Amino acid sequence: MFTKILSWVKAALSRLAPSAAASELVVSPQMQTLIEEWARVYECRSSPSCPSLGLAAGIAAEFARLAVLESKFTLTGARGEWMDTQLLSFRRNLRSNVEYACALGGMVFKPYVSDGGIRVDCVQADSFFPTAFDSSGNLTGAVFVEQVTRGGKIFTRLESHEFVAGKETIRNRAFSSGSNAALGGEIALSEVAEWAEISPEVTVEGLERPLFAYFKIPLANNKDRRSPLGVSVFAGAVELMRQADAQLARLLWEYEGGQLAIDVDAAAVREVEGVVQLDQTQQRLYRRNINAGAGQDFYKAFTPALRDSSYLVGLEKLLKQIEFVCNLSYGTLSDPQTTEKSATEVKMAKQRSYAAVCDIQSSLQSALEHLFYAIDQLGALYSLGTPGPWQASFTWHDSVLTDEETERQLDREDALSGFIPKWQYNADWRGMTEDEAKAAVQEASGSMPRLFPLE
């Protein structure tokens, strides 16, 4: 589908972005193939005949969990409070959208005005097509695709953004087709209810950044080193994941082929009009042996020895290799009980995973700051919200290296030893403000022997 829509966008690009600066798509054939492959692997569509471990989805979900879980961003100031109310839905779906970005290499956060407020459209990597990057690798031009199916027709809207020298030009074109095989003929935006209020062309001046933000997964691309697009978190392990799925198929066949069965003489099986009369359990257990004859056992059990341990060892080795290639800690996919690594190796693996997560968080923070700027500018353009200054702050959790319970225990021991004040422990781990934490320590000190200093 990505290739098909890509061809539509190329055909319509002259009408969407007539300037020379945005007349071509920045998607190489290699990246086109890779994005399609990552989507297939993530959706477990790479080999319908082979069972799947779902490793691609699991890897993307794990990186999203590590990057977003217990992390938060806060908008303050009169303007920031209004902006924060516009992001409620975006916050709820942030982890899922980060997972999609991890799977396909990136995502665009594109705010738009709707019903007197601001909403954020999260566009996955196979639904937007870049047209320009600046010298710093920032996305400055793109075409976004939206489709609506109604009454047996497929309506497609192509929205192009072109940002040059502080001015952004947004163009919209709509098309109608009777099938998904072609883009179809151009129609007026007003013919589709959802797009009736969208202007065919808008120009906004005085901008420092485009009115959309590109969240790029910051990993090296050894398939297309010159592409400015991000790559999937499992890009280097696609072939290894196929091998792991094949190993799973061998293991399942071993269990299937090694099931207990009893061979019996064909004469011992009752047939009615050529149909064997056995219930479901018996059909699974008994097999007719037409070669049974004199001198052979009337019943003979088929009980082969399973070789599952050998297959499991091979699968574990593949999972550990996938963990290494994808910058995951050992035991994330493989069985932690069978991970024979020294303490130094385990620590190095965690540090590798920590560094990868930190890079993703840094890229996400940059994209969010850009998104907040775009929301502020759109609000000012349409006179929405309370005017005034705003600030954004971010807190990123680092539980990759130290789990929360261990970190809490360390802080408790520091408080007991006097290395940190006890009120600080209350503030960090019990959700108290500084005044509440100090008051709690004062109250505890008055009813029992003082064990902690107040400061």
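Residues numbered from 1 in each chain as written. Predicted model: local features only at pLDDT ≥ 70, side-chain atom pairs only at ≥ 80, totals over all residues. Heavy atoms only, no water.

Undergrad: Whenever I open this one, the overall build of the protein chain confuses me. Can you help?
TA: A tally of helices and strands in the protein chain yields 13 helices and 16 strands. For the protein chain, with 455 residues in total, the buried portion stands at 41%. Counting every atom, the protein chain has about 24400 Å² of accessible surface; 49% of that belongs to carbon and sulfur. (Helix = DSSP H or I, 4+ residues; strand = E, 2+ residues; numbered from the N terminus. Buried < 20%, exposed > 50% of the residue type's maximum accessible area, 1.4 Å probe, protein only. Areas by Shrake-Rupley, 256 points an atom, 1.4 Å probe, with all protein chains shown as cover.)

Undergrad: What am I meant to see in the environment of Gln377 here?
TA: Inspection of the secondary structure assignment puts Gln377 in helix H10 (residues 343–381). Residue Gln377 is classed as partly exposed on the basis of its relative accessible area of 24%. Sequence-wise, Gln377 and Gly206 are 171 residues apart; in three dimensions their C-alpha atoms are separated by 9.8 Å. When near neighbours in sequence (up to four residues on either side) are disregarded, Gln377 contacts Leu207 and Leu211. (Contact = heavy atoms within 4.5 Å.)

Undergrad: Hey, could you run me through the sheet that holds strand S2 (residues 106–114) in this one?
TA: Strands in a sheet are paired, the pairing made by backbone hydrogen bonds, and the direction either parallel or antiparallel. Spatial ordering of the open sheet is given by S3-S2-S10, a layout of three strands whose pairing is antiparallel. Since the sheet does not close on itself, it has two edges, and those belong to strand S3 (117–124) and strand S10 (213–216), each with one partner. If you compare each strand with its neighbour and ignore which way they point, the axes differ by 25° on average. Taken strand by strand, helix H6 (residues 94–104) contacts S2, S3 and S10, and its axis lies near 140° from that of S2. (Pairing = 2+ DSSP bridges. Axes fitted to C-alpha atoms, helices over the stretch in contact; angles between N-to-C directions.)

Undergrad: Even after reading the chapter, I still don't get the environment of Pro130, so can you show me in this structure?
TA: Along the chain, Pro130 falls in strand S4 (residues 128–133). Assessed through its relative accessible area of 1%, Pro130 is described here as buried. If sequence neighbours within four positions are ignored, Pro130 has contacts with Glu24, Leu25, Val26, Val27, Leu139, Gly141, Ala142 and Leu229.

Undergrad: Whenever I open this one, the pattern of salt bridges confuses me. Can you help?
TA: What the rule picks out here adds up to 14 salt bridges. Note that Arg157 and Glu159 form a salt bridge whose closest N and O atoms lie 2.6 Å from each other. With relative accessibility at 8%, the residue Arg157 sits in the buried group. Residues Glu434 and Lys438 are paired through a salt bridge, measuring 3.0 Å at the closest nitrogen-oxygen approach. (Salt bridge = Lys/Arg side-chain N within 4 Å of Asp/Glu carboxyl O.)

Undergrad: Is there a simple way to explain the packing of aromatic side chains in this structure?
TA: How two aromatic rings sit relative to each other is given by the distance of their centres and the angle of their planes. Throughout the structure, instances matching the rule amount to 12 aromatic pairs. Measuring from centroid to centroid gives 6.3 Å for Tyr42 and Tyr100, while their planes differ by 90°, and the two rings are edge-to-face. Note that Tyr42 is positioned in helix H2 (residues 29–42) and Tyr100 in helix H6, a separation of 58 residues in sequence. Using a relative accessible area of 16% as the deciding quantity, one classes Tyr42 as buried. When the ring centre of Phe73 is taken as reference, the NZ or CZ atom of Arg91 above it lies at 4.0 Å. When the ring centre of Tyr330 is taken as reference, the NZ or CZ atom of Arg352 above it lies at 5.8 Å. (Phe/Tyr/Trp six-rings, centres within 6.5 Å; stacked < 30°, edge-to-face > 60°. Lys NZ or Arg CZ within 6 Å of the ring centre and 35° of its normal.)

Undergrad: How should a nonpolar patch on the surface be read in this particular structure?
TA: A cluster of nonpolar side chains, Val113, Leu381 and Tyr382, forms an exposed patch at the surface whose accessible area comes to about 260 Å². Along the chain, the position of Leu381 falls in helix H10. (Patch = residues over 30% accessible without salt bridge, like charges linked within 9 Å, V, L, I, M, F, W, Y side chains within 5 Å.)

Undergrad: Sorry if this is basic, but what is going on with helix H4 (residues 77–85) here?
TA: Count 3.6 residues to each turn of an α-helix, and residues three or four apart come out pointing the same way. When we look at burial in H4, the residues that qualify are Arg79, Gly80, Trp82 and Met83. Down the axis of H4, the smallest arc covering the buried residues is 160°, so these residues share one side. (Arc of directions from axis to C-beta.)

Undergrad: Please clarify how the side chain of Ser334 should be interpreted in this entry.
TA: Here Ser334 shows up in the loop between helix H9 (308–325) and H10. According to the relative accessible area criterion, Ser334 is buried, its value standing at 3%. In terms of polar contacts, Ser334 uses its side chain to reach the backbone amide nitrogen of Gly331, at 3.4 Å. (Polar contact = N/O pair within 3.5 Å; in protein donor to acceptor, adjacent residues only side chain to side chain.)

Undergrad: Can you walk me through the packing of H2 against H6 in this structure?
TA: To characterise two packed helices, one gives the angle between the axes of the helices and the distance between these axes. Relative to each other, H2 and H6 sit at 125°, their axes nearing to 8 Å. Between H2 and H6, the crossing angle belongs to the class labelled oblique. Of the residues in H6, those in contact with Ile35, Trp38, Ala39 and Tyr42 of H2 are Glu99, Tyr100, Ala103 and Leu104. Broken down by class, the residue content of the contact of H2 with H6 amounts to seven nonpolar, no polar and one charged. (Parallel < 35°, antiparallel > 145°, perpendicular 65-115°, else oblique. Nonpolar A, V, L, I, M, F, W, Y, C, P; charged D, E, K, R; others polar.)

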